[in-house]
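One-letter residues, chain by chain:
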Amino acid sequence: MIELLASHYAYALTFVLFGIGLYVIIASENLVKKLIGVNIFQTAIFLFFVSTAYVDGGGAPVVPAAKEPGRLLVASPLPQVIVLTAIVVGVALTAVGLALIVRIYAEYGTLQEDTLREVRADE
Amino acid sequence: MSEADLLPVALIVTPILAATLPIALGLRFERAGWPVAAVTTTGLFAAALALATVVYAGGEPITHELGGFPPQYGIQLVADGLSAPFTVLVTAAAAGVLVFTRVAGPRGNAFYTAYLLLVGGLLGISLTGDVFNLFVFLEISSLATYALVASGDGPESAVAALKYLILGTLGASIYLTGVALLFMATGTLNMNELAGMVPAELDGQQLALARAAFAFVFVGFALKVAQWPLHTWQPDAYQHAPDAVTPLIAALVSTASAYALGRVAYTVFGPEFLASTPYLTEVVVTVGSTSVLAGSALAAIQQDVKRMFAFSSVAQFGLIVAAYGVLTETAFAGAVFHLLGHGLLKGGLFLAVAAVALSTGARTVDEYAGLAARRPLLAGTMSVMLVALVGVPPSVGFVGKWYIAIGAVEAEAWPVAAVVFLSTMFTLAYAARLLEKMYFTPPTPVEAPHAPGAVATDGGRDRVTTGMCVVLVAVAVAAVVFGFAGGVFYDSLLGPFLETISIGGV
């Protein structure tokens, strides 16, 4: 078990982040914190994706012009490119979410979900 | 490369590029959005029809490799017998709903930008042949949907949109985890390549990764498709979205996710994998069946008509997911047909709800009392669609349920057959409540909370236009006509696709 953790600590760490993100989304009453939770959750997945590309002893996937490309030991570039795209998507989501939160705050004057529930129940 | 090869690209690129026009032209012309959206969606509908014709005439999938990169590195777009009808449905619904937004909808150029982005994202989901690209298009369409839901007048719509955003993002992220696990197991993201590798070329550890990947993918999509108990975002989002937006998202957004689930489950993982993994089909069938029962029961107790139809969607999608789990050719065909039929019917029903709200202000079941006498056309088309939703033959709702039931009997999955029957009874329960109110309850002068504002603002003029009536009648007629087309669809359109994934061999 210890040996597995020592060699796979990157995976263990990402799944701890995964859990933290999920917990914040569920347990926090504050809407902004909930959105932060979503971001932590997404980041955990991004890190997980990037860590799958790791090659023992491999360098950055930049191929020098002079050498033979086949003999280089590099990390897989595909997950890194993919995660770059996913990060852009995540940023856009955060922006839309924050815009919605601004509107909710302007309408109800609160960011706490429990207060929000009470205000909406009164109407 | 023939010209048809470029059609899938054109279908995705055109709406996304056109989405910039309403904002750009909006600097000079105040109401540029609607004409741009109308021209684009009509053109897309024609292109989708052309694409479907080529696909079915040739019997071969049309593929396009973006930028000429081979599928190992690049992204492939694929139009085959399964995706072609969905592109037609997406473009048709997008064009039909526009008729409503001209009078009823939220106006403003930004709205039409989001509208076109949504259409582009949905077409991307239908046509992509790459599991990661699917995630990107899923998020493009989701982002546009959040914006559209939030474009309602009241503050409630912002709360509903934020709830949808948080849960929708969770769903998409969980799907992305599944993609990461799948990539670890196989080293490719292309659906066709994956199909060749899962499960035939996988050994112990890789197979375990693939199984974990399916679990993540399934849970992610269950959130997106709104399966009980992950459905909680959906009724709020449907109810608080503007009237003219609900038909679009009800007809398309969850439908596209359910299509993507079927595509990933059957093309990428394949029936062999689904059948060989212990408890997999049982879990899928249980989730689907529970959604049918829970969704129907919740729909039957709702007072708000939009909310009632929203819970009804939870039930209908449950039926589709359960049919995916049955694993026979007939049940899969039934699921596809029910998916298309439900998209058509639910879109039409929400359009009718929007038209009723426009002309009379009625929103709850009680307020619908005596509608048939006041608005015979609206009540008539709505009844046809309701009866079709219940599944009375000959209608599109019947064909899907029929094939699912036959497939369940073939596979000896008796609970699914029972659930199909029960769902019909439940659907009848809430559809009959509405029918009874519309036709057999005299209009009572209820203190309708919505009525005065909605009608009086326009000086009493009936705001239901001829175009809206034409669309509603067209949907009602299509619901009946496609009821006769079940056999044709099965044999000539879906048949070639079913052969390629060979469910029959299981």
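Rules of the game
- Residues numbered from 1 in each chain as written.
- Chains lettered and ligands numbered in written order.
- Predicted model: local features only at pLDDT ≥ 70, side-chain atom pairs only at ≥ 80, totals over all residues.
- Heavy atoms only, no water.
- Helix = DSSP H or I, 4+ residues; strand = E, 2+ residues; numbered from the N terminus.
- Rg over C-alpha atoms; globule rule 2.2 N^0.38 Å.
- Buried < 20%, exposed > 50% of the residue type's maximum accessible area, 1.4 Å probe, protein only.
- Contact = heavy atoms within 4.5 Å.
- Areas by Shrake-Rupley, 256 points an atom, 1.4 Å probe, with all protein chains shown as cover.
- Axes fitted to C-alpha atoms, helices over the stretch in contact; angles between N-to-C directions.
- Parallel < 35°, antiparallel > 145°, perpendicular 65-115°, else oblique.
- Left-handed = near helix turned anticlockwise from the far one by under 90°.
- Nonpolar A, V, L, I, M, F, W, Y, C, P; charged D, E, K, R; others polar.
- Buried area = accessible area lost by both parts, 1.4 Å probe.
- Salt bridge = Lys/Arg side-chain N within 4 Å of Asp/Glu carboxyl O.
- Patch = residues over 30% accessible without salt bridge, like charges linked within 9 Å, V, L, I, M, F, W, Y side chains within 5 Å.
- Lys, Arg positive; Asp, Glu negative; His and termini not counted.
- Charge placed at Lys NZ, Arg CZ, Asp CG, Glu CD.

A. Molecular detail of the overall build of chain B. Each helix and strand counted, chain B has 21 helices and 2 strands in total. Taken over the C-alpha trace, chain B has a radius of gyration of 22 Å; the compact-globule value for 506 residues is 23 Å, and the two agree within 12%. Classification of the 506 residues of chain B by burial places 62% in the buried group. Pairs at least 24 apart in sequence give 80% of the contacts found in chain B among residues at least 6 apart. As displayed, chain B offers around 17,300 Å² of accessible surface, 67% of which is attributable to carbon and sulfur atoms.

B. Region of interest: the packing of helix 3 (residues 33–58) of chain B against helix 5 (residues 109–127) of chain B. Residues and elements named next belong to chain B. In the contact formed by helix 3 and helix 5, the axes pass within 9 Å of each other and the chain directions differ by 15°. What the angle tells us is that helix 3 and helix 5 run roughly parallel. As for how helix 3 packs across helix 5, the hand of that crossing is left-handed. On helix 5, the residues touching Gly 33, Trp 34, Val 36, Ala 37, Thr 40, Thr 41, Leu 44 and Leu 51 of helix 3 are Asn 109, Tyr 112, Tyr 115, Leu 116, Val 119, Leu 123 and Leu 127. Residue composition of the contact of helix 3 with helix 5, by class: 11 nonpolar, 4 polar and no charged.

C. Representation of the interface of chain A and chain B. Taken together, the contacts link 35 residues of chain A with 33 residues of chain B. In total, about 2,900 Å² of surface goes out of reach between chain A and chain B, with carbon and sulfur atoms giving 82% of it. On the chain A side of the interface with chain B, the three residues burying the most area are Leu 93, Leu 100 and Arg 103 of chain A, jointly 19% of the side's total. Our count for the chain A to chain B interface comes out at 0 salt bridges. Considering every element that reaches the side of chain A that touches chain B, the biggest residue donor is helix 4 (residues 77–108) of chain A, with 16 residues.

D. Fine view of a negative patch on the surface. Among the surface-exposed residues, Glu 29, Asp 114, Glu 118 and Asp 122 of chain A lie close enough to one another that they form a single negatively charged patch. The topology assignment puts Asp 114 of chain A in helix 5 (residues 113–122).

E. Representation of the environment of Leu 170 of chain B in the model. Here Leu 170 of chain B shows up in helix 7 (residues 156–186). Sequence-wise, Leu 170 of chain B and Leu 17 of chain B are 153 residues apart; in three dimensions their C-alpha atoms are separated by 28 Å. Setting aside residues no more than four positions away along its own chain, Leu 170 of chain B makes contact with Leu 22, Ile 25 and Phe 41 of chain A together with Leu 223 of chain B.

F. Looking closely at the pattern of salt bridges. For the structure on display, the rule yields 8 salt bridges over all chains. The shortest N-O distance in the salt bridge between Glu 113 of chain A and Arg 117 of chain A comes to 3.4 Å. Here Glu 113 of chain A and its partner Arg 117 of chain A are both found in helix 5, 4 residues apart, which amounts to about one turn of the helix. Here Asp 243 of chain B ties to Arg 363 of chain B by a salt bridge, and the two come within 2.8 Å at their closest N and O atoms. Linking Asp 243 of chain B in the loop between helix 10 (233–240) and helix 11 (246–276) with Arg 363 of chain B in the loop between helix 14 (329–359) and helix 15 (371–374), this pair joins segments that are 120 residues apart in sequence. For Asp 243 of chain B, a relative accessible area of 18% puts it in the buried group.

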